[in-house]
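# Fold and contact review
Residues per chain are reported as follows:
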Amino acid sequence: MPDVMTRLRREHAHIVELLGALERQLARFDAAEEIDYDILLAIADYFVDFPDCCHHPKEDVIFRRMCEREPALRGTMTDLLAEHIRLGEEARHFHEAVDNVLKEVEVPRDVFLQIARRFIDDQRGHLRAEEERFFPKAEELLTSEDWEAVEREVTDRIDPVFGGEAAGRFAALHDDILEWQAEDEAGDRA
């Protein structure tokens, strides 16, 4: 498997973990329990920043290369570039909702939960589509020369939550995810 695909799959796994952390916070919010607003904001910050600046550009390079090899893909596969733009807009909408809650702007609980759940569902659906259709088609279609060209074109940035030492606003989120994983592992052993 090409290195860039390994990185993308790892990033997808991290995104799934972040969506799980968001779901845990939303369950608490829905039950009118105390939630960690720093974690909620860190998740929103992550989705506004990292996918658009690092994750999606790699996929966009691969998609463009695929379309050069097989131009009909633009018509048969979801246009990944447009999907990434839409997801970025949704992330900003979700971030704005989180920001409004933090600023104590009156946001009905059910409206906030609806925005957040739609965000989660769309993210999960997008990941599933990429894993089931886009990634396999890329691996089938692109040659080793294509993958080398992709590697030369893409840039990577350290993931602020999972890459190295999480710091600043992402430290609490990173710790929450590690705690959740430990709880899951303990439950599996029981």
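Below or above, wherever it landed, is the structure these notes cover. Think of each chain on its own: its residues are numbered from 1, step by step along the sequence as written. Under the rules for a predicted model, residues below a pLDDT of 70 receive no local features and side-chain atom pairs below 80 are neither given nor counted, while totals for whole chains, interfaces and linings still include all residues. Side-chain measures were taken over the full set of non-hydrogen atoms in the model, leaving aside hydrogen atoms and water.

### A few points about the overall build of the protein
Each helix and strand in the protein was counted, giving seven helices and zero strands. Across the 190 residues that make up the protein, the buried fraction comes to 45%. Contacts are assigned to residue pairs with any non-hydrogen atoms lying within 4.5 Å of each other. Considering only contacts in the protein between residues 6 or more positions apart, those separated by 24 or more positions represent 79%. Each helix is a run of H or I in the DSSP string that is no shorter than four residues. Each strand is a run of E no shorter than two, and both are numbered from the N terminus. Remark: exposure states derive from per-residue accessible area (1.4 Å probe, protein chains only) relative to the maximum for the residue type, with buried under 20%, exposed over 50%, and partly exposed in between.

### Brief notes about the environment of Arg10
Within the secondary structure, Arg10 sits in helix H1 (residues 3-30). With 152 residues separating them in the primary sequence, Arg10 and Phe162 have C-alpha atoms 9.9 Å apart.

### Topic: the packing of H1 against helix H5 (residues 109-141)
It is the contact of H1 with H5, at a shortest axis distance of 11 Å, that shows an interaxial angle of 160°. Looking at the two axes, H1 sits roughly antiparallel to H5. For the pair H1 and H5, the sense of crossing is left-handed. Lys, Arg, Asp and Glu make up the charged group, whereas Ala, Val, Leu, Ile, Met, Phe, Trp, Tyr, Cys and Pro make up the nonpolar group; the residues left over, Gly among them, are polar. Partitioning the contact of H1 with H5 into residue classes produces 15 nonpolar, three polar and nine charged. Angles here are taken between N-to-C directions and fall from 0 to 180 degrees, while the axes themselves are lines fitted to C-alpha atoms, restricted in helices to the stretch in contact. In this scheme, roughly parallel covers angles under 35 degrees and roughly antiparallel covers those over 145, while 65 to 115 is roughly perpendicular and the rest are oblique. Helix crossings fall into two classes, left-handed where the near helix is turned counterclockwise from the far one by less than a right angle and right-handed where it is turned clockwise.

### Remarks on the packing of helix H2 (residues 37-69) against helix H4 (residues 80-102)
Where H2 meets H4, the closest approach of the two axes is 9 Å, and the angle between their N-to-C directions is 170°. Relative to H4, the element H2 lies roughly antiparallel. Classifying every residue of the contact of H2 with H4 gives 15 nonpolar, four polar and six charged.

### Concerning the nonpolar core
Among buried residues, the Ala, Val, Leu, Ile, Met, Phe, Trp, Tyr and Cys ones that are joined through side-chain atoms within 4.5 Å form a nonpolar core. Phe47, Phe94, Phe112 and Leu173 are the most contacted members of the largest nonpolar core, which has 34 residues in total. Mapped by element, the contributors of at least two residues to this core are H1, H2, H4, H5 and helix H7 (171-189).

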